[in-house]
Structures are given as structure tokens and as C-alpha cells.
Amino acid sequence: MQNTLEFPEVLRLIADRSAAFRAAIASAPDLDVQVPTCPDWSLRELAQHIGDGRRRQAAIIAAGPGAEPPARTDPKGAPTAPRDREALDAWLAESTELMLDAMREAGPDRGCWTWWGSSQAPQTSGAVARHQIQEMAVHTYDAQLTQGAAQPLPTDVAVEGVDEFLTTVSATTVPWPFKPATIDLHTTEGRSWRLTLNADGVRCDDLATDAAPGDMAMRGTASEMILYFYERLPLDALETTGDTEPMEQLADWDPTA
């Protein structure tokens, strides 16, 4: 795999997407409107998820390595987001900063609990930070979409995100239960990857320039790929060639089941 972004740049992108999310929340006329891409949540509930989730992630990173995530220390459970707009904005900003402070303190190589033990991604603060870029970026898209003003993910966020998703979410050592296949992914920004699905699991590698075509190929912008991965766009929003069944199976497959 190619080298990913340096840790300070990863933290900068988290802060950037956090600011964009807060801007989308601040400009929303009504925070009680339903989020189309998160139909169980209103915008206010999405903000609650973002704030509480970043605080929870800060605690997980600060706790260091462990077989289980640390228990919540507050007997009242998750903190409640303020209803006042200015207070909500400050709470969201503080939530992100608490997580970023924990990441800075830990550095990129310190171990911590993660849910992706069987993937290609390491169980480190740096890997968690990479994933947090996408958490913030996709939910920023959700908040913007709710107001009819959704924007593509920024190019640097999206290209990093495709690599992060494939190595963290798609990759696994759990044996692939279907017909073996290879899936090639090409972004218009120039990066290409190959997923190999077989009895050894699902493996992601950079696609060699001289590689023979895989069983399926998908092409599009990195933003379109990320939004497809997170079920914000359908597969037919991307250009595909070959047999799409392996990608459809991968999207539906839960290796932990």
C-alpha cells in the first residue's frame, strides 16, 4: 500500500470536517428535521451522536490497549447535547478537541481498542484517527444533504477515505464464503486498488499498473466511492464493468455473523 497521510495532516482533516459539520448544523433552520440518510435521527440527534461519539473516542484512545473498550465513567451515561444553538456549537467544538487532544497525547503508534481486529488496519491511535476523518466527513454530508446543499467530500479526505475503508472495513481474515473474485477500484483522482476475495478472507492492495483486469471494476470520483461504501449512493452511481455480484455480496456480508 502507498503511504497514507502524515499524522498531523490526519488531525487537521478531522478538525476541518468537524468545522464543516458545525457550520451545517449552525445554518440549519430546524434541527428537528429528519436526516434522509440517517432516517432514525433528526439533525439534533445527529449532532448528539457526533458530540458524544467524539468524547467516547477520546476516552477509548486515552485508555490505551485493551480487549474491550473502557466502561463509561459517568453514571448518567452519554452527555446530552445542549439545545441552545451557541451552546451546542461550543459543545461540538469541545467534543472534537477532546478527541484531538487524546490523539496528540497518544501519538499515531500507541495501541488502543478498536472494533476491526481482523482487518488490515492496525489497532492504534493513528488508525482510529484515519477512520475518524470519514466518520466526520460522511456525517457532514448527511447534515448538508438534509438542507438540500450536499457537497462532494473534499478530494484529500475522499482519496484517503477509500484507502482507509478498504483496509479497515472491507479487509478481513474471515474466509470469503462465496465464489472467489477480484474487484478493481479506480478513482478519477488517479489511485487504484484491488480487493482479492477468497478462502483467506478479503485483502486490499494497490493495483499494479501491469495487472490483468479483475472480475469486476468500478470507476468514479473518490467522493462517489466513499458515499457508495457508506450507502449514501447506489452502486449504479459509479461506472462498473464485469460481474457486479461480488461487490453486492461484499456490501451485504457481515463476517462477524
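Residues numbered from 1 in each chain as written. Predicted model: local features only at pLDDT ≥ 70, side-chain atom pairs only at ≥ 80, totals over all residues. Heavy atoms only, no water.

**Section: the overall build of the chain**
- Check the secondary structure of the chain and you find seven helices and seven strands.
- Order of helices (α) and strands (β) in the chain, N terminus to C terminus: α-β-β-α-α-α-α-β-β-β-β-α-β-α.
- For 257 residues, the compact-globule estimate of 2.2 N^0.38 gives 18 Å, and the chain sits close to it at 19 Å.
- Going through the 257 residues of the chain one by one, you find that 49% of them count as buried.
- Within the chain, contacts between residues separated by at least 24 positions form 67% of all contacts whose residues are at least 6 apart in sequence.
- Total accessible area on the chain is roughly 12,200 Å²; 51% of this is exposed by carbon and sulfur atoms.
- Of the side chains in the chain, 20 bear a positive and 40 a negative charge, and the two mean positions are spaced by 6 Å. (Helix = DSSP H or I, 4+ residues; strand = E, 2+ residues; numbered from the N terminus. Rg over C-alpha atoms; globule rule 2.2 N^0.38 Å. Buried < 20%, exposed > 50% of the residue type's maximum accessible area, 1.4 Å probe, protein only. Contact = heavy atoms within 4.5 Å. Areas by Shrake-Rupley, 256 points an atom, 1.4 Å probe, with all protein chains shown as cover. Lys, Arg positive; Asp, Glu negative; His and termini not counted. Charge placed at Lys NZ, Arg CZ, Asp CG, Glu CD.)

**Digging into the packing of aromatic side chains**
- Inspection of every chain in the model, using the stated rule, returns six aromatic pairs.
- With a centroid separation of 4.6 Å and 15 degrees between ring planes, the pair formed by Phe-165 and Phe-229 is classed as stacked. Here Phe-165, found in helix 5 (residues 155–170), pairs with Phe-229, found in helix 6 (residues 222–229); they are 64 residues apart in sequence, far enough to count as distant.
- The interplanar angle of 70 degrees and the centroid separation of 5.0 Å between the aromatic rings of Trp-176 and Phe-178 together place this pair among those described as edge-to-face.
- Three or more aromatic residues link up through ring pairs in this structure, and these residues are Phe-165, Tyr-228, Phe-229 and Tyr-230. (Phe/Tyr/Trp six-rings, centres within 6.5 Å; stacked < 30°, edge-to-face > 60°.)

**Overview of the UniProt feature "domain: MDMPI C-terminal" (unreviewed entry) in the chain**
- Using the residue numbers shown here, the UniProt feature "domain: MDMPI C-terminal" (unreviewed entry) corresponds to residues 156–245.
- End-to-end, the C-alpha atoms of residues 156–245 are 29 Å apart, and along that stretch the chain is 27% helix and 32% strand. (UniProt positions renumbered as here; feature names shortened; annotations may be inferred.)

**Considering a negative patch on the surface**
- Taken together, Asp-215, Glu-231, Asp-243, Glu-245, Glu-248 and Asp-252 make up a surface patch of like negative charges.
- Inspection of the secondary structure puts Asp-243 in the loop between strand 7 (239–242) and helix 7 (245–252). (Patch = residues over 30% accessible without salt bridge, like charges linked within 9 Å, V, L, I, M, F, W, Y side chains within 5 Å. Salt bridge = Lys/Arg side-chain N within 4 Å of Asp/Glu carboxyl O.)

**Focus: the domain arrangement of the chain**
- The domains assigned to the chain are domain 1 (7–151) and domain 2 (160–252).
- Here the C-alpha centroids of domain 1 and domain 2 sit 26 Å apart.
- Residue-level contacts link 16 residues of domain 1 with 17 residues of domain 2.
- Summed over both partners, the interface of domain 1 with domain 2 buries about 1,500 Å², with 53% contributed by carbon and sulfur atoms.
- When the buried area of domain 1 at its contact with domain 2 is split by residue, Gln-120, Arg-130 and Gln-134 rank highest and sum to 42% of it.
- At the junction of domain 1 with domain 2, the criterion picks out three salt bridges.
- For Asp-142, the salt bridge goes to Arg-232, with nearest N and O atoms at 2.6 Å.
- The interface formed by domain 1 and domain 2 includes 10 residue pairs in polar contact (both at pLDDT 80 or more).
- No other element matches helix 4 (residues 125–146), which puts eight residues into the side of domain 1 that touches domain 2. (Domains from an automatic or database assignment. Buried area = accessible area lost by both parts, 1.4 Å probe. Polar contact = N/O pair within 3.5 Å; in protein donor to acceptor, adjacent residues only side chain to side chain.)

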